[in-house]
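# Commentary on secondary and tertiary structure
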Amino acid sequence: YEQFAADTKQLTTSGFAALIAANMTFSLPAGLDRVTMPVLVTAAEREYRLMKRSARTLAATLPDAIAMMPEYVGHNWPLEAPGRFAQVVRAWVVGDPLPDFLLPLK
């Protein structure tokens, strides 16, 4: 939470307003159920419940998606653990096995 609060404080007033508006009005785009490529959806272990639920919904909507959870990180896990994030992206893009610190999102 502390990191999330610090990151949020760096937003401008208009940036924060745009972020809140986007969050409050977001819905899954039509046609996601027809996507034909594999998709990796992640929500961190220490992520908010709402984000985990949204990740599970997204993965369930996409025909060839998996939902995974990186251990020991929170909302901004690409910033908290950039090396691990890069490791996941690299593995996914080249088709290597995903790292052991990724667990199925429960």
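Residues numbered from 1 in each chain as written. Predicted model: local features only at pLDDT ≥ 70, side-chain atom pairs only at ≥ 80, totals over all residues. Heavy atoms only, no water.

### Here we look at the packing of aromatic side chains
- Summed over the entire model, instances satisfying the criterion amount to one aromatic pair.
- Relative to Phe85, the ring of Trp77 lies with its centre 5.1 Å away and its plane at 75°, an arrangement referred to as edge-to-face.
- Residue classification places Phe85 among the partly exposed positions, given a relative accessible area of 32%.
- Over the ring of Phe101 we find Arg84, and its NZ or CZ is 4.2 Å from the ring centre. (Phe/Tyr/Trp six-rings, centres within 6.5 Å; stacked < 30°, edge-to-face > 60°. Buried < 20%, exposed > 50% of the residue type's maximum accessible area, 1.4 Å probe, protein only. Lys NZ or Arg CZ within 6 Å of the ring centre and 35° of its normal.)

### What about the environment of Ser27?
- Residue placement: Ser27 occurs in the loop between helix H2 (13-25) and strand E1 (39-42).
- The sequence separation of Ser27 and Lys52 amounts to 25 residues, and the corresponding C-alpha distance is 15 Å. (Helix = DSSP H or I, 4+ residues; strand = E, 2+ residues; numbered from the N terminus.)

### Focus on the pairing of strand E2 (residues 65-70)
- By the criterion of burial, E2 is predominantly enclosed, with five of the six residues buried.
- Crossover connection from E1 via helix H3 (residues 49-61) to parallel E2: handedness right-handed.
- Pairing between E2 and strand E3 (residues 102-104): three bridges, direction antiparallel. By the bridge assignment for E3, Met69 is matched with Leu103. (Right-handed = clockwise from strand over helix to strand, strands pointing away. Pairing = 2+ DSSP bridges.)

### Quick notes on the sheet that holds E2
- If you walk across this open sheet you meet the three strands as E1-E2-E3, and the pairing is mixed. Two strands bound the open sheet, and with one partner strand each, they are E1 and E3. Averaged over neighbouring strand pairs, the angle between their axes works out to 45° when direction is ignored.
- This element, H3, spans E1 and E2 of the sheet and lies at about 155° to E2. (Axes fitted to C-alpha atoms, helices over the stretch in contact; angles between N-to-C directions. Contact = heavy atoms within 4.5 Å.)

### Comments concerning the pattern of salt bridges
- Applying the stated rule across the entire model yields one salt bridge.
- A salt bridge links Glu80 to Arg46, with the shortest nitrogen-to-oxygen separation between them at 3.7 Å. Of this pair, Glu80 sits in helix H4 (residues 77-80) while Arg46 sits in the loop between E1 and H3, and the two are 34 residues apart along the sequence. (Salt bridge = Lys/Arg side-chain N within 4 Å of Asp/Glu carboxyl O.)

### With respect to the pairing of E1
- Here E1 pairs with E2 via four bridges, running parallel. Within E2, the position partnered with Thr42 by the bridge is Met68.

### Points about the nonpolar core
- Residues Leu32, Val39, Val41, Ala43, Ala55, Ala59, Leu62, Ala65, Ala67, Met69 and Leu105 constitute the largest nonpolar core, which totals 11 residues.
- For this core, the element with the highest residue contribution is E2, accounting for three residues.
- When near neighbours in sequence (up to four residues on either side) are disregarded, Val39 contacts Leu62, Asp64, Ala65, Ile66 and Trp92.
- Within the second largest apolar cluster, nine residues are counted, among which are Ala44, Met68, Trp77 and Ala81. (Core = buried A, V, L, I, M, F, W, Y, C linked by side-chain atoms within 4.5 Å.)

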